[in-house]
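# Reading the structure
Listed below, chain by chain, are the residues.
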Amino acid sequence: MTSSAPPPPPASTDGSRVALVVGATGGIGAAAARRLAALGFDLVLNGRRESVLAGLAEELSARTVRGDPNEPDVARALADAVADGVDVVVHASGILKGGPVRQQDIATFDEVLTTNLRSVYAVVHAVLPHVRVGGRIMLVSSTSATRPMRGLTAYSAAKSGVNAFAMALAAELEPEGINVSLVSPGAVATPMMDKSVNAFSSLTADDVAEVIGWLACLPPRMVVPDVTFRAPFRGPFVSMYGGSGTEGLDLSDLRAQKGYS
Ligand SMILES: NC(=O)c1ccc[n+]([C@@H]2O[C@H](COP(=O)([O-])OP(=O)(O)OC[C@H]3O[C@@H](n4cnc5c(N)ncnc54)[C@H](OP(=O)(O)O)[C@@H]3O)[C@@H](O)[C@H]2O)c1
């Protein structure tokens, strides 16, 4: 390697472990923060909404950095907050927005790419010098990265970009003993899905947090490039959530069974 960057800081010797959760004010981020706190991690939480962030921080005795990591000041503050070392980095912020390309303006494309993809790079770039040997970076992607959705071209492209970034990053960091894992759920019942015109069979945010907690406790020798999972589309464990539009999956018979109009 020709890089002159300093090596990552070593794992903590006193057994304490630190996790950074970006997007902790969201459904998945908050569930992940609660799960990691229950597992004994000291937390640094990020999000933009002040009252939500403060409430969660008080509940979990966490430190906070408020704002959008795409802002250089916020990225610097994140780096400062984990300057003594961080073992787990979870990126769980993003937006689900857009429409068919014929109706979607370029500003919307830029916004979706900035929030879902550039933010991932901004966070990783800022905190990477402080990720400890044996640490794990978890990027919340989506099944739409590998199964792109019509009407969500920007979102699908952004998540696909996250996947490519994660794979390239993993190749860079494996020699240093740092893991990179994609967490790729299908539909999850969070505020993000409240805006969906489609009704989906959905996971819960706690399901995703369970995967994040599992990854966080794996030994560093276990390389897990991607955990892809979804709710069932049929059968007894279907759990409908979201809107009741006619686009997307054809779940009309299941809607009827569940009493949705
Ligand atoms: N819900 C699903 O069905 C689903 C499925 C697969 C993957 N995912 C992914 O999971 C992650 C979390 O989603 P979620 O379901 O938990 O959504 P959510 O409840 O809507 O939370 C979104 C998070 O992103 C932050 N955020 C929103 N807009 C932002 C912006 N412009 N700049 C910076 N931060 C912004 C929000 O916090 P503030 O507004 O406080 O900043 C919040 O913390 C996202 O990457 C999403 O794509 C979700």
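Predicted model only: the values in this text are computed from it and were never measured.

Criteria and thresholds
Residues numbered from 1 in each chain as written. Predicted model: local features only at pLDDT ≥ 70, side-chain atom pairs only at ≥ 80, totals over all residues. Helix = DSSP H or I, 4+ residues; strand = E, 2+ residues; numbered from the N terminus. Expected span 1.5 Å × (residues − 1). Buried ≥ 20, exposed ≤ 12 C-beta atoms within 10 Å, placed from the backbone. Near = placed C-beta within 6 Å. Nonpolar A, V, L, I, M, F, W, Y, C, P; charged D, E, K, R; others polar. Axes fitted to C-alpha atoms, helices over the stretch in contact; angles between N-to-C directions. Parallel < 35°, antiparallel > 145°, perpendicular 65-115°, else oblique. Left-handed = near helix turned anticlockwise from the far one by under 90°. Contact = placed C-beta atoms within 7 Å. Pairing = 2+ DSSP bridges. Arc of directions from axis to C-beta. Right-handed = clockwise from strand over helix to strand, strands pointing away.

Okay, helix 7 (residues 205-217) next. The terminal C-alpha atoms of helix 7, which comprises 13 residues, lie 19 Å apart, in line with the 18 Å expected from a rise of 1.5 Å per residue. For helix 7, the complete set of buried residues consists of Ala 205, Val 208, Ala 209, Val 211, Ile 212, Gly 213 and Ala 216.

Next up on the list: the site of the ligand. Surrounding the ligand, one finds 26 residues, the nearest of these being Gly 26, Arg 48, Ser 93, Gly 94 and Thr 190. Residue assignment for the shell around the ligand shows that the elements contributing at least two residues are helix 1 (27-38), helix 4 (106-127) and helix 6 (191-194). Residues that form the shell around the ligand fall into these classes: 11 nonpolar, 12 polar and three charged.

Their axes nearest at 8 Å, the elements helix 1 and helix 7 cross at an angle of 45 degrees. Put simply, helix 1 runs oblique to helix 7. Between helix 1 and helix 7 lies a crossing whose hand is right-handed. Along its contact with helix 1, which presents Gly 27, Ile 28, Ala 31, Ala 32, Arg 34, Arg 35 and Leu 36, the element helix 7 presents Ala 205, Asp 206, Val 208, Ala 209, Glu 210, Ile 212, Gly 213 and Ala 216. The residue makeup of the contact of helix 1 with helix 7, split by class, is nine nonpolar, two polar and four charged.

Let's shift gears to the sheet that holds strand 5 (residues 131-140). The seven strands lie next to each other as 3-2-1-4-5-6-10, forming an open sheet whose pairing is parallel. Each edge of the sheet is formed by a strand with only one pairing partner; in this case those strands are strand 3 (63-66) and strand 10 (226-229). Along the sheet, successive strands turn relative to each other by an average axial angle of 15 degrees, direction set aside. Sheet topology note: the strand 4 (residues 86-91)/strand 5 ladder contains five bridges and is parallel. Note that in strand 5 the partner of Val 86 across the bridge is Val 131. Lying over the sheet, helix 3 (residues 72-81) contacts strand 1 (18-22), strand 2 (42-47) and strand 3, oriented at roughly 165 degrees with respect to strand 3. In the packing of helix 5 (residues 153-173) onto the sheet, contacts are made with strand 5 and strand 6 (179-185), and the angle to strand 6 comes to roughly 160 degrees.

Among all positions in helix 2 (residues 50-60), only Leu 53, Leu 56 and Leu 60 are buried. For helix 2, the arc enclosing every buried residue in end-on projection is 70 degrees, short of the 170-degree limit, so these residues lie on one face. Those residues of helix 2 that are exposed and angled more than 90 degrees off the buried face are Glu 50, Ser 51, Glu 58 and Glu 59. Residues of helix 2 that are buried sit in contact with helix 1, strand 2 and strand 3.

The two faces of the sheet receive side chains in turn, since in a regular strand these alternate between them. Taking burial as the measure, the six residues of strand 2 include five buried ones, the bulk of the element. Sheet analysis places strand 1 next to strand 2, joined by five bridges and oriented parallel. Considered in strand 2, the bridge of Val 18 is made with Asp 42. In this region the chain leaves strand 1, passes through helix 1 and returns to the parallel neighbour strand 2; the handedness of that crossover is right-handed. Where strand 2 lies against strand 3, four bridges are found, and the strand directions are parallel. Counterpart to Val 44 in the pairing with strand 3 is Arg 63.

Distances and angles like these do not, on their own, reveal function.
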